[in-house]
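Secondary and tertiary structure notes
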Amino acid sequence: MNIQNTQELSKTGYRIAIEPVEGAFEASFANGLSVQSDAVRLLHETRLATTVYFPLECLDESLLEASNLRTFCPFKGTARYWHIGTGENKIENAIWAYDSPLKEALEVKGHFSIMPHALAGLQSKPDVNLRPQDGHISSPLADWILREAAYCKDRAELVGLLGRKFVGEGIALQRLTVTIWSLHPEIAGLNMIWLRDEDTVRASEPDHSLFSNPAYINSPLRHVTDGLGGVRQPLNEDKTEFDFPIMADLKAKGATDYVAMPLIFSDGQINIMTLTSDHPDGFTTANLGLIFECSSVISRYLEVMTLRKNTEVLLETYLGQRTGRKVLNGAIRRGEGEDIKSVVLFSDLRNSTTLAETLPQADYLDLINDYFDTISDAITAHGGEVLKFIGDAVLAVFPISDEPGDQENKAREALKTARLATQSVQERANARLEEGRPAFEAGIALHVGDVAYGNVGARDRLDFTVVGPAVNLASRIEGLTKETGHKVLASGAFRQALGAGEIGLTSAGSHAFKGITGEHEIFVVDV
């Protein structure tokens, strides 16, 4: 094949060129079928091998089966696919065609091409060169993406700089959005919108109700996320392939062209980047081609930033904010940690065994999660950290720094926590009774002492927690709340940490605890 393409493509800009070729072409499929035509069209695309398109009438329709696969090209449009052959000789997704090609590719309408895995051989008379032309991406935008974009501190900064760089490249970009789906129990994802006239990034984190919202269901975001390909819709023409409501909204604001393309992460997750132009002629092929070629690198940057953020969120969700940050910063070896002084708060659900045995499982899980929410909200409201849930108990810490007065401050915050938690538990219990659901009660213990704060566990299964006599004593004091009927009890060490002043603690005498040396004075907290 030694005949050169009739149109020379730019080695730095992106172009599409289509030419009819006189001569006979024959393509053999891997299952033994073949097609012939003397009216093929060649599509030349920057830095890609030339693609041969045969007329659709060459195919025997009885051998075709429509596929659900759709792919997207911002220059040619959305391609649909067919399987070819029958029974064991069927080749899946063997050919593709564009039903409604975009203006850059109108000449391939009514034609199809063959996927590499389905093609056994291609012959032409005379020979035609189908090799890709040499070339490289070269532009200030590409240089910035390769050399500097990786140093953006977060995703919003990257999106904002991308918007400015696109405009600096001469692209008439009115609006840029990036949507990244998240791994979070409450947040569906992160949506970032950059507007040229404002030059700011608006970021929002919708919850999972987004997926049932009609605005999302009938949107390009869902179309792309569901793997149906991208979207390219000129808004300055009467002819439309897509009829999403947002397009009418954008057109009313002066938009002339719209693109939604997938940003695919390495695990297959499909995220979305959309671009809106307000130039009278919309996007040029060269401008869109540059963005399209850079999109895989942009996607990788976003993936790395997202993985970092997801890791932070997961560690904070499962370990707490302070502890999660320590693990992320490298505290990952068994035995690694520190000895700290801390207020220890231990809360346990009353009558949990009876509740678990008498309630249906779903109702018990609902109750225990309601209890955890109530206690945790009170702890975080006063600067404490829920370190872990132990069965139906909550272990929280208020770490004490070396700053003067911090021990008293943390003790007083923990005291406020216990009172707020007790009040909230009572209010929530009353509300549940009014709703016809079982109520719950809790006991709370407060103690101050030295704890080992770090990694414990097996070699390949670690837990970041606090251990030591102070934790054991807090647990034993909480058990005493069940015997005495008091809602909140505190140790003498905690009472001492509070310092002077009216604090509402009354001595309940000294008590001995199983496994704990000596007797310890215990105080009843006025709630």
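See the structure shown above.
Let me begin by describing the structure that accompanies this report. Counting starts from 1 at the beginning of each chain's written sequence and moves along it residue by residue. The model is predicted, so local features are restricted to residues of pLDDT at least 70 and side-chain atom pairs to those at 80 or more, both for listing and for counting; the totals for chains, interfaces and linings are taken over all residues. The basis for every side-chain value is the complete set of heavy atoms in the structure, and neither hydrogens nor water enter the calculation.

This brings us to the environment of Ala-49. Mapped onto the fold, Ala-49 is located in the loop between strand 4 (41-45) and strand 5 (51-55). Judged by its relative accessible area of 41%, Ala-49 falls in the partly exposed class. In this structure, the C-alpha to C-alpha distance between Ala-49 and Gly-499, residues 450 residues apart in sequence, is 79 Å. Strands are runs of DSSP state E lasting at least two residues, helices are runs of H or I lasting at least four, and both sets are numbered from the N terminus onward. For every residue, the accessible area obtained with a 1.4 Å probe (protein chains only) is divided by the maximum for its type, and the residue is called buried under 20%, exposed over 50%, and partly exposed between those limits.

With that out of the way, let us pick up the layout of surface pockets. Lining residues are those with an atom within 4 Å of a point, where the points come from a 1 Å grid over the protein atoms alone and group into cavities, where a 1.4 Å probe fits but cannot get out, or pockets, open sets with protein on both sides within 12 Å along at least five of seven lines. Grid points are joined across faces, edges and corners, and a volume is the space filled by probe spheres set on the points. As a volume, the largest pocket reaches approximately 800 Å³. In this structure, the largest pocket is lined by 23 residues; those nearest its centre are Glu-316, Thr-317, Tyr-318, Val-386 and Phe-389. Only helix 6 (285-319), helix 9 (361-381) and strand 18 (385-390) provide two or more residues apiece to the lining of the largest pocket. Broken down by element, the lining of the largest pocket gets its largest block of residues, 6 residues, from helix 9.

Attention now goes to the packing of helix 9 against helix 10 (residues 406-434). Two elements in contact, helix 9 and helix 10, have axes separated by 9 Å at closest approach and are oriented at 150°. Judged by the angle between their axes, helix 9 and helix 10 are roughly antiparallel. Handedness of the helix 9/helix 10 crossing: right-handed. For the pair helix 9 and helix 10, the contacting residues are Asp-366, Leu-367, Asp-370, Thr-374, Ile-375, Ala-378, Ile-379 and Ala-381 in the first and Thr-417, Leu-420, Ala-421, Ser-424, Val-425, Arg-428 and Arg-432 in the second. We call Asp, Glu, Lys and Arg charged. Ala, Val, Leu, Ile, Met, Phe, Trp, Tyr, Cys and Pro are nonpolar, and the rest, Gly among them, are polar. Residue classes in the contact of helix 9 with helix 10 are distributed as 8 nonpolar, 3 polar and 4 charged. Helix axes use the C-alpha atoms of the stretch in contact, all axes being lines fitted to C-alpha atoms, and the angles between their N-to-C directions lie in the range 0 to 180 degrees. Oblique is the label for any angle not covered by the other classes, which are roughly parallel (under 35 degrees), roughly antiparallel (over 145) and roughly perpendicular (65 to 115). Should the near helix be turned anticlockwise from the far one by less than a right angle, the crossing is termed left-handed; should it be turned clockwise, right-handed. Two residues form a contact once any of their heavy atoms are found within 4.5 Å.

With that settled, the discussion passes to the packing of aromatic side chains. One pair of aromatic rings is described through two measures. These are the centre distance and the angle between the planes. Between rings of Phe, Tyr and Trp, where Trp is taken as its six-membered ring, a pair exists when centres lie within 6.5 Å; planes separated by under 30 degrees are stacked, by over 60 edge-to-face, and by other angles tilted. Inspection of every chain in the model, using the stated rule, returns 10 aromatic pairs. With centroids separated by 5.3 Å and ring planes inclined at 40°, the aromatic side chains of Tyr-371 and Phe-372 adopt a geometry described as tilted. Phe-372 shares its class with Tyr-371; the two are buried. One aromatic cluster is present, formed by Tyr-371, Phe-372, Phe-389 and Phe-440 through successive ring pairs.

Turning next to empty space enclosed by the protein. On inspection of all chains with the given rule, the structure shows 2 cavities of 30 Å³ or more. There is about 60 Å³ of room inside the largest cavity. For the lining of the largest cavity, the elements supplying multiple residues, two or more each, are helix 10 and strand 20 (442-458). It is helix 10 that provides the largest number of residues to the lining of the largest cavity, a total of 4 residues. The class makeup of the residues in the lining of the largest cavity is 5 nonpolar, 2 polar and 1 charged.

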